[in-house]
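# Structural overview
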Amino acid sequence: MDAFHIEVDADLPGVRRIARSADLPRPHVGVIAALHGDETCGLSVHHALHEAAMRGTLPLAAGTLVLIHGNLEATQLGVRYTPTGYDLNRICNLAFRATLPQSRWGYEHRRALELAPLLDDLDAAIDLHSAGAPTVPFAVALPGAEELSRTLGVRWVTHAWHEASDIADGVALARVASRGKPAAAVECGQHHDRQAPRVAWAITARFLRSLELWDEPVEPGERGRLLRIFASLPKPSAEFRFVRPLQGFERVREGQLLGRDRSSELRSPADGYAVLPNDAVPVGKNVVYLAREDP
Ligand SMILES: [Zn+2]
């Protein structure tokens, strides 16, 4: 049995570190959970990592795992983000400091501020999510982590989100990837899918294995197919609905009628795959993203 150093961060709630020695050697690898409070599969991974470290059976070869529970208050409430706050995984670039008076900051704004130095110190990070609708597990590779993300054992690896959507800037992992460090997010299934914690665990193990930090064989799983996000289609009105439910990663054809409201039709501008289809989003948010397979 190997002893591990396990440290609860006294200054930063929801942060624990696990390493083979108290000097917390590099690389510092973030395992991020519940940036969205109701997405709990990553918290079960934290629990399992912590338990294995306590038992001395964690196959961590080197480095320090930094377990980060993103949105503590929203998890308590069982919601994505707090009622008076904002989506934590959209504001981590801290741009709100210039655009939003401090009097209107909510819990997530303060949380983004306190997490920023921690994120800026990571040498790699995996961010575990689940989705509101049923979905096959898929990865979101940040720039530079495309090939690594193909080793996570999920069929679909989406990338280039920054080219077609405005959400990429403010995600927590952008603070890691922008410094040239590997960073990937994974949607592990639907929120209460009983498989999601197991999927999240397997993905985390493969991520650490690919970084050569995991001293135990992992089942490789299938090699991910790279999908480049090239378009986002915003919801034109409250009445807008898909003409029939779209499945995630379903193929769509150029000109295919996707949805309509009273005055307009939404057609696919090109051949591709439907990513994150959801016609229940607020007006102006994207009802679907389109992706094409990289050669
Ligand atoms: Zn999420």
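So, how was this worked out
Residues numbered from 1 in each chain as written. Predicted model: local features only at pLDDT ≥ 70, side-chain atom pairs only at ≥ 80, totals over all residues. Heavy atoms only, no water. Pairing = 2+ DSSP bridges. Helix = DSSP H or I, 4+ residues; strand = E, 2+ residues; numbered from the N terminus. Donors = N, O, S within 2.8 Å, 3.2 Å for Na, K, Ca; no water. Tetrahedral: all angles 85-135°; square planar, octahedral: opposite > 155°, others 65-115°. Buried < 20%, exposed > 50% of the residue type's maximum accessible area, 1.4 Å probe, protein only. Axes fitted to C-alpha atoms, helices over the stretch in contact; angles between N-to-C directions. Parallel < 35°, antiparallel > 145°, perpendicular 65-115°, else oblique. Left-handed = near helix turned anticlockwise from the far one by under 90°. Contact = heavy atoms within 4.5 Å. Nonpolar A, V, L, I, M, F, W, Y, C, P; charged D, E, K, R; others polar. Salt bridge = Lys/Arg side-chain N within 4 Å of Asp/Glu carboxyl O. Domains from an automatic or database assignment. Buried area = accessible area lost by both parts, 1.4 Å probe. Polar contact = N/O pair within 3.5 Å; in protein donor to acceptor, adjacent residues only side chain to side chain.

Either a parallel or an antiparallel arrangement is found when strands of a sheet pair, and the pairing is made through backbone hydrogen bonds. Strand order in the open sheet made by the three strands is S10-S12-S13, with antiparallel pairing throughout. Looking at strand neighbours, the two that pair on one side only are strand S10 (241–242) and strand S13 (265–267), the edges of this open sheet. Where S10 lies against strand S12 (residues 257–260), two bridges are found, and the strand directions are antiparallel. Looking at the pairing, arginine 241 lines up with arginine 260 of S12.

This part covers the coordination of the zinc ion. Only His36 (ND1), Glu39 (OE), Glu39 (OE) and His129 (ND1) from the protein coordinate the zinc ion, and they sit 2.0 to 2.5 Å from it. With four donor atoms in place around the zinc ion and angles of 56 to 145° between them, the coordination shape is irregular. Along the chain, the residues donating to the zinc ion are arranged with the sequence spacing H-x2-E-x89-H. Taking relative accessible area as the criterion, histidine 36 reaches 3% and is therefore assigned buried. On the basis of relative accessible area, glutamate 39 is assigned to the buried category, the value being 2%.

Moving on to the packing of helix H1 (residues 41–55) against helix H8 (residues 196–210). One way to put it is that H1 packs onto H8 with a least axis distance of 8 Å and a crossing angle of 60°. In this view, H1 runs oblique relative to H8, as classed from their interaxial angle. Here H1 runs over H8; the crossing is right-handed. Facing Cys41, Ser44, Val45, Ala48 and Leu49 of H1, the residues of H8 in contact are Ala196, Pro197, Ala200, Trp201 and Thr204. Residues of the contact of H1 with H8, tallied by class, amount to eight nonpolar, two polar and no charged.

With that settled, consider the pattern of salt bridges. Counting across every chain of the model gives 19 salt bridges. A salt bridge links glutamate 163 to arginine 228; the nearest nitrogen and oxygen atoms lie 3.1 Å apart. Taken together, the residues glutamate 163 in helix H6 (residues 161–164) and arginine 228 in strand S9 (residues 225–234) connect sequence positions 65 residues apart. A salt bridge links arginine 228 to aspartate 294, with the shortest nitrogen-to-oxygen separation between them at 3.7 Å. Note that arginine 228 is positioned in strand S9 and aspartate 294 in the segment after strand S15 (286–293), a separation of 66 residues in sequence. Through salt bridges with shared partners, a single ionic network connects Arg26, Asp121, Asp123 and Lys181.

Our next topic: the side chain of histidine 69. Looking at the element boundaries, histidine 69 is found in strand S4 (residues 64–69). Excluding residues within four positions of it along the chain, histidine 69 makes contact with Gly14, Ala33, Ala34, Leu43, His46, Thr75 and Arg111.

Of the two faces of strand S7 (residues 156–159), both are covered, the one formed by Trp156 and Thr158 as well as the one formed by Val157 and His159. Here S7 pairs with S9 via four bridges, running parallel. Within S9, the position partnered with threonine 158 by the bridge is leucine 227.

Attention shifts here to the environment of glutamate 212. On the secondary structure map, glutamate 212 appears in the loop between H8 and S9. For glutamate 212, a relative accessible area of 67% gives the class exposed. Considered as a pair, glutamate 212 and glycine 78 are 134 residues apart in the sequence and their alpha carbons are 35 Å apart.

When the domains of the protein are assigned, the result is domain 1 (5–223) and domain 2 (228–293). For domain 1 and domain 2, the distance between their C-alpha centroids amounts to 28 Å. Tallying the contact residues gives 11 residues for domain 1 and 10 residues for domain 2. Interface of domain 1 and domain 2: buried area, both sides summed, is about 1100 Å²; carbon and sulfur atoms make up 69% of it. Its largest share of buried area at the contact with domain 2, domain 1 owes to Trp156, Trp161 and Ala164, together 44% of the area lost on that side. In this structure, the connection of domain 1 to domain 2 is made through one salt bridge. In this assembly, domain 1 and domain 2 are joined by three residue pairs in polar contact (both at pLDDT 80 or more).

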